[in-house]
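# A look at the structure
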Amino acid sequence: MEKSCSLLVHFDKGTPALANEIKEALEGNDAGAKIEALKKAIMLLLNGETIPQLFITIIRYVLPSEDHTVQKLLLLYLEIIDKTDSRGKVLPEMILICQNLRNNLQHPNEYIRGVTLRFLCRLNESEIIEPLIPSILSNLEHRHPFVRRNAVLAVMSVYKLPQGEQLLDSAPEIVEKFLSSEQDPSSKRNAFLMLFSCAQDRAINYLFTNIDRINDWGEQLQMIVLELIRKVCRTNKGEKGKYIKIIISLLTAPSTAVIYECASTLVSLSSAPTAIRAAASTYCQLLLSQSDNNVKLIVLDRLNELKSSNREIMVEMVMDVLRALSSPNLDIRRKTIDIALELITPRNIDEVVLMLKKEVVKTQNGEQEKNGEYRQMLVQAIHSCAVKFPEVASTVVHLLMDFLGDTNVASAMDVVIFVREIIETNPKLRISIITRLLDTFYQIRAARVCSCALWIIGEYCLSLSEVESGIATIKQCLGDLPFYTVSEEGEGGQDASRTTQQVNSTTVSSRRPAILADGTYATQSAALETAMSPPTLVQGPLSSVGNLRSLILSGDFFLGAVVACTLTKLVLRLEEVQTSKVEVNKATSQALLIMVSMLQLGQSSVLPHPIDNDSHDRIVLCIRLLCNTGDEIRKIWLQSCRQSFVKMLADKQRRETEEIKAKAQISNAQPDDLIDFYHLKSRKGMSQLELEDEVQDDLKRATGEFTKDADDANKLNRILQLTGFSDPVYAEAYVTVHHYDIVLDVTVINRTKETLQNLCLELATMGDLKLVERPQNYTLAPESSKQIKANIKVSSTETGVIFGNIVYETSSNVLERTVIVLNDIHIDIMDYISPASCADVAFRTMWAEFEWENKVYISHLSLIWDTGIQSNAFPDYLKYVAVNTVIQDERDFLNHIIKSTNMKCLTPPSALEGDCGFLAANLYAKSVFGEDALVNVSIEKQSDGKLSGYIRIRSKTQGIALSLGDKITLKQKGAA
């Protein structure tokens, strides 16, 4: 069993010092050697060694020492040695140290007195302390505050002993008198703490006697006052009105710690709008005045809690909250934006958007690090504002379009997605957005952004001038055709700026008509095959290379397919708005030439990788469509694509609405609940704050907000039986899971007719769980029960197991100990993860980054689970688990997985509709420790009606991936 001590030092027991060496050093006259010997002795004692022969040596040679370090180490030694025998009686030799302690309490040096008084606070043996009480009390009048503050703590510890009231029954009176005359802030704090802990009425009396001077008290004393107020108001809610006045007066204290505690206390004690408004204002002031980022994050968490319960009041503070964006820390900015976005209303939306626009402009200077990530957050925030309040879109969309060419691809992608949504939801802005997009298209350098921008151009260029401008812009960004040439060796030199390879050659090529595989005609560049060098790419002068040309020449043929589709849409729309057939034919031929050139480039050897089949088929489809267009095909290309986009936006809006409704707390009061009508109450002596508090309490009671979250049935589900009904000791545990700890409330019942002595609940853990407290021994009378609480800290979401036993002795046979093994308690990962949302881009990014992966294969009635498999790696080993499941419908299986894992399906319902025989969906959840859990479900219905496929789980840490794999395996078995 480890020793209890206030000193914690690592010591390597592999090379323990010999007791004789320590004894020789202690007997010497060298103070330095004594110090080292005492340190070794203390470390050995802390690590379980027993050195009883040193005690007399220390009494003879160490006690008389005047060295302060030796005296301090001596007190540590005396703290950890055993002072009682097996029967609990004080050892006779302990009397030897009483005289030394009395001498120290009367020592002329204040340090010796202070550390001795502090040592007495950790003694529990009244036989040792009783003769020292007069000396302790005399130190309350010492001239030095260090001695006085420790003397007060010693008085408090003596009074708290089991026999403390008999030893020092006048302690509260003595300390109250001391408090009234003391001037040292720390000593006053300790004295008030003693009254608060041991004589609460005296502490309250002192508080109200000196209520006018509270603001002049020191920070330490003010903090104890707030703790007293919280304790009193919890036990006597009827008197909280007069205490809240004290809290509000302390909001003007100079100490930021006191101000923060005042705000927290106000929120916990009162729901009156005046109190909540004062607390929110205080938090906002702290948010701006504090430079520590950790403090800012804590304050933002408090503001977020206020937003959940008092949104109407927090709406007034949204601009004060947004001032925290001045911090360069991204986490602070992200939390600030998240809070502000949930507080926007039609009344403050203009101010919020204006503030966000100013922050976007600031990111252009490039002075701060991670400006790109911050700009991305701002763009997403403005996007959210514009979706909720479309009227503000016109004030921000043109500013954001300047960032389409941003080097931060994620930020530019957010901008173009925002533009795509706004141009559909705000028809009045269509012309201005298209004009601005065509003007700035050449600045875009990211292929994904180009693809989305091209889709916008193809769908929303409706008038003749817009269609012609769209075609011209694409041609300009593609540059001159062809994309490559074939050169003859031996003549002339090609300008290095016009080729990607340094080759001396002369182009010799001819053009001739060719018949494509589908039977259509196209112009083909044919080159001589004799004495030819490899083909070279033609990029033109670097200053004039178009963005589309450089991206396609880099091998991005998916973008080439998007270009072909956009040109096809523009040409089809040109046929509707252009009356001149000549212009239409000209545009069609130019578009066909571009498409054929891209196919020719993809099938040549000039690029290291040929064109992929999907892009090739898409471009060929566009060529066929331009050569022979039917009305049905035209309708699909010009109308159906946009209709699908509109449907997608509607689904997105519906999901967001459902999420908001799900977050809303719906609570109902029971029919027989008591409602107090404050209008009928006597208001005599009640302040406005108390009246508001009464109103808010009545409203919460009427709406059921005071009702308990969990009913008795849910509580019963958390009771676990630990022993059998036939065991002499019956035990069951009620498991309460908080975010970072687990509380086991164990009920132990003695079913025998004998008294059980030294009964101890011994627990151990497996996984990332840690016991906080040491087990204690109890005495249990016949047929009586005992409630034992055990606290366990949790450090990760890895599945943990709590196991142990109950050990006891009977009164009839003290020498024999009985052991009862307890059932294991398995900690469920579902208590630590909750459904969460994230963007598709963020999901794909995390999926690519995360290392740990589990795969759960579904193959008819078998489940295969890969544990500890790194992404993109072959499974190290497989665990086959037979599954007796009758689920044969893909959607039912997906819903079963969602319910079993407590995750959210990110795949929209519209993508899961239909009956095609297969299903793929992404699930996402977040743990209380900030860990992300990603799941991909891919299943297919076989010809015999059974499901096959796999579930892939990825996370940043191993624990959550393995735990989720275990959970799915277990639930698969239970799906029979």
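Remember, it's a predicted structure, so these values are computed and weren't measured experimentally.

### Description of the overall build of the protein chain
- Scanning the protein chain from terminus to terminus reveals 39 helices and 24 strands.
- Look at the contacts in the protein chain between residues 6 or more apart in sequence, and 65% of them connect residues 24 or more apart.
- As displayed, the protein chain has an accessible area near 49500 Å², and 50% of this comes from carbon and sulfur atoms.

### Remarks on the sheet that holds strand β11 (residues 769-771)
- Spatially, 5 strands are ordered β7-β8-β9-β13-β11 in an open sheet, and the strand pairing comes out antiparallel. On the outer flanks of this sheet lie β7 (719-721) and β11, each paired with one strand and no other. Sheet twist, expressed as the average angle between the axes of neighbouring strands with direction ignored, equals 30°.
- Pairing of β7 with strand β8 (residues 729-737), which is carried by 3 bridges, proceeds in the antiparallel orientation. When the sheet's bridge partners are listed, L720 is paired in β8 with A733.

### Some remarks on the nonpolar core
- If you look at the biggest cluster of nonpolar residues, it comprises 218 residues, and the most contacted ones within it are L303 and L548.
- Examining the composition of this core, we find that 12 residues originate from one element, helix α30 (residues 557-577), more than from any other.
- Among the domains, domain 1 (344-456) and domain 2 (461-483 + 545-659) are the pair contributing at least three residues each to this core.
- Those residues in contact with L303 that sit more than four places away from it in its chain are A280, Y283, C284, L287, M314, V321 and I339.
- Counting 28 residues, the second-largest nonpolar core is a separate cluster that includes L722, V729, L744 and I820.

### Examining the packing of helix α14 (residues 219-235) against helix α16 (residues 256-269)
- Close contact between α14 and α16 brings their axes to 10 Å; oriented N to C, the two are set at 5°. If you check the angle between α14 and α16, you find them roughly parallel. Contacts between α14 and α16 pair E219, Q222, M223, L226, I229, R230 and C233 from the former with A257, V258, E261, C262, T265 and L269 from the latter.
- Partitioned by chemical class, the residues of the contact of α14 with α16 number 8 nonpolar, 2 polar and 3 charged.

### Quick notes on helix α18 (residues 293-309)
- For α18, built from 17 residues, the straight-helix expectation of 24 Å at 1.5 Å per residue is met to within 8% by its first-to-last C-alpha distance of 25 Å.
- Inspection of α18 places K296, L297, V299, L300, L303, L306 and K307 among the buried residues, and these make up the whole buried set.
- The elements touched by buried residues of α18 are α16, α17 (273-289), α19 (311-315), α20 (318-322) and α21 (330-341).
- At the N-terminal end of α18, a side-chain oxygen is found 2.8 Å from the backbone nitrogen of N294, two or three residues along, and the residue is D292.

### Considerations on helix α2 (residues 31-46)
- The terminal C-alpha atoms of α2, which comprises 16 residues, lie 23 Å apart, in line with the 22 Å expected from a rise of 1.5 Å per residue.
- Looking only at α2, the buried set comprises K34, I35, A37, L38, A41, I42, M43, L44, L45 and L46.
- Where α2 is buried, its residues touch α1 (19-27), α3 (54-61) and α4 (68-80).
- Here α2 starts with a cap whose side-chain oxygen sits 3.2 Å from the backbone nitrogen of G32, and that cap is D30.

### Considering unusual backbone geometry
- With a phi close to 50°, N758 is a non-glycine residue in the positive phi region.
- Here N758 lies in strand β10 (residues 756-766).
- Judged by its relative accessible area of 31%, N758 falls in the partly exposed class.

### Focus: the environment of L593
- As for its placement among the helices and strands, L593 is situated in helix α31 (residues 581-603).
- L593 sits in the partly exposed class, given a relative accessible area of 36%.
- C-alpha separation for the pair L593 and P482, spaced 111 residues apart in sequence, amounts to 9.0 Å.

### Some details on the packing of aromatic side chains
- Scanning all chains against the criterion turns up 9 aromatic pairs.
- Taking the centre distance of 5.3 Å and the plane angle of 65° together, the rings of F208 and Y243 count as edge-to-face. Taken together, the residues F208 in helix α13 (residues 200-209) and Y243 in helix α15 (residues 240-250) connect sequence positions 35 residues apart.
- Between the aromatic rings of W455 and F645, the centroid separation amounts to 5.1 Å while the plane-to-plane angle is 65°, which identifies the pairing as edge-to-face. Highlighted residues: W455 in helix α27 (residues 447-460) and F645 in helix α33 (residues 631-663), separated in sequence by 190 residues.
- Overall, W455 belongs to the partly exposed group, its relative accessible area being 21%.
- In this structure F645 comes out as buried when scored by relative accessible area, which is 6%.
- Cluster of aromatic residues (ring-pair linked, three or more members): F192, Y206 and W217.
- Across from the ring centre of Y374, 3.7 Å away, lies the NZ or CZ of R333, which sits over that ring.

### Comments concerning the state of the cysteines
- Taken as a whole and assessed by the stated rule, the structure comprises 0 disulfides.
- In this model C450 remains outside any disulfide bridge; the closest cysteine sulfur is found in C477, 7.6 Å from its own.

### Considerations on the side chain of R573
- With respect to the helices and strands, R573 occurs in helix α30.
- With no salt bridge to any partner, buried R573 finds its closest opposite charge in E459, at an N-O distance of 4.9 Å.

### Here we look at the packing of helix α28 (residues 464-478) against α30
- The contact between α28 and α30 brings their axes to 9 Å, and the two run at 150°. By the angle between their directions, the pair α28 and α30 is classed as roughly antiparallel. The element α28 and its partner α30 pack so that their crossing is left-handed. On α30, the residues that touch L464, V467, E468, G470, I471, I474 and L478 of α28 are V563, T566, L567, L570, R573, L574 and V577.
- Taken together, the residues of the contact of α28 with α30 break down into 10 nonpolar, 2 polar and 2 charged.

### Quick word on the environment of V571
- Among the secondary structure elements, V571 is positioned in helix α30.
- Overall, the relative accessible area of 1% leaves V571 in the buried class.
- Residues V571 and V467 lie 104 residues apart in sequence; the distance between their C-alpha atoms is 8.0 Å.
- Contacts of V571, omitting those with residues within four sequence positions, involve A587, T588, A591 and L626.

### Comments concerning the pattern of salt bridges
- Applying the stated rule across the entire model yields 22 salt bridges.
- Residues E110 and R143 are paired through a salt bridge, measuring 3.3 Å at the closest nitrogen-oxygen approach. With E110 in helix α6 (residues 110-120) and R143 in the loop between α8 (133-138) and α9 (145-159), this residue pair connects regions lying 33 residues apart in the sequence.
- Classification of E110 by relative accessible area gives partly exposed; the value is 23%.
- Here E173 ties to R202 by a salt bridge, and the two come within 3.8 Å at their closest N and O atoms.

### Brief notes about the environment of V360
- By the element assignment, V360 lies in helix α22 (residues 349-362).
- Each C-alpha atom of the pair V360 and L399 lies 8.8 Å from the other, and the pair is 39 residues apart in sequence.
- Not counting residues up to four positions away in its chain, the partners in contact with V360 are L378, I382, L400 and F403.

### Quick look at the pairing of β10
- Sheet analysis places β10 next to strand β12 (residues 777-780), joined by 3 bridges and oriented antiparallel. Counted as the bridge partner of L756 is L780 from β12.
- For β10 and strand β14 (residues 800-810), the ladder comprises 9 bridges, and the chain directions are antiparallel. Note that in β14 the partner of E762 across the bridge is N805.

### Details of the pairing of strand β13 (residues 785-794)
- As judged from the 9 bridges shared by strand β9 (residues 741-750) and β13, these two strands associate in the antiparallel manner. Looking at β13, one finds that V748 is bridged to K786.
- Across 3 bridges, the pairing between β11 and β13 is antiparallel. Within the sheet, the bridge partner assigned to L771 lies in β13 and is I792.

### What to know about the confidence of the model for the protein chain
- Per-residue pLDDT for the protein chain averages 78, and the proportion of residues at 70 or more is 80%.
- The least confident element of the protein chain, judged by mean pLDDT, is strand β20 (residues 878-882) at 30; the most confident is α9 at 92.
- Here residues 540-544 is a poorly scored stretch, pLDDT under 50, and it has 5 contacts once near neighbours within four places are set aside; other chains count.
- Low pLDDT, under 50, characterises residues 703-711; the stretch is placed with 15 contacts to residues that sit more than four places away or in other chains.

What counts and how
- Numbering of residues starts from 1 in each chain and follows the order in which that chain's sequence is written.
- At least 70 in pLDDT is required for a residue's local features to be given in this predicted model, at least 80 for side-chain atom pairs to be given and counted, and no such filter applies to totals for whole chains, interfaces and linings, which use all residues.
- Excluded from the side-chain calculation are hydrogens and water; included are all heavy atoms of the structure.
- To qualify as a helix, a DSSP run of H or I must reach at least 4 residues; to qualify as a strand, a run of E must reach at least 2; elements of each kind are numbered from the N terminus.
- Residue contacts are counted whenever heavy atoms from the two residues lie within 4.5 Å of one another.
- Note on areas: these come from Shrake-Rupley sampling with a 1.4 Å probe, and a residue is covered only by the protein chains present in the view.
- We call two strands paired when DSSP finds no fewer than two bridges between them.
- Simply put, an axis is a line fit to the C-alpha atoms, just over the touching stretch for a helix, and the angle between two N-to-C directions goes from 0 to 180 degrees.
- Among buried residues, those of type Ala, Val, Leu, Ile, Met, Phe, Trp, Tyr and Cys that are joined through side-chain atoms within 4.5 Å constitute a nonpolar core.
- Only protein chains enter the area calculation, which uses a 1.4 Å probe; residues under 20% of their type maximum are buried, those over 50% are exposed, and those in between are partly exposed.
- An automatic or database domain assignment supplies the start and end points of every domain.
- Angle categories are assigned with fixed cut-offs, so that under 35 degrees is roughly parallel, over 145 is roughly antiparallel, 65 to 115 is roughly perpendicular, and the rest are oblique.
- Any residue that is not Ala, Val, Leu, Ile, Met, Phe, Trp, Tyr, Cys, Pro, Asp, Glu, Lys or Arg is counted as polar, Gly included; the first ten are nonpolar and the last four charged.
- Every helix has an expected span of 1.5 Å times one less than the residues it contains.
- Between N or O atoms, a polar contact is any pair within 3.5 Å; within protein, one atom must be a potential hydrogen donor and the other a potential acceptor, and residues adjacent in sequence are included only when both atoms are from side chains.
- By convention, a stacked pair of Phe, Tyr or Trp rings (six-membered ring in the case of Trp) has centres within 6.5 Å and planes under 30 degrees apart, an edge-to-face pair has planes over 60 apart, and any other such pair is tilted.
- Charge-over-ring placement is defined geometrically: NZ (Lys) or CZ (Arg) within 6 Å of the ring centre, and within 35 degrees of the ring normal.
- Here, a disulfide means two cysteine sulfur atoms that sit within 2.5 Å of each other.
- None of His or the chain ends enter the tally, which takes Lys and Arg as positive and Asp and Glu as negative.
- Salt bridge, as used here, is a side-chain nitrogen of Lys or Arg placed within 4 Å of a carboxyl oxygen of Asp or Glu.
- In this scheme the crossing of two helices becomes right-handed for a clockwise turn of the near helix relative to the far one and left-handed for an anticlockwise turn of less than a right angle.
- The predictor attaches a confidence to each residue, called pLDDT, with possible values from 0 through 100.

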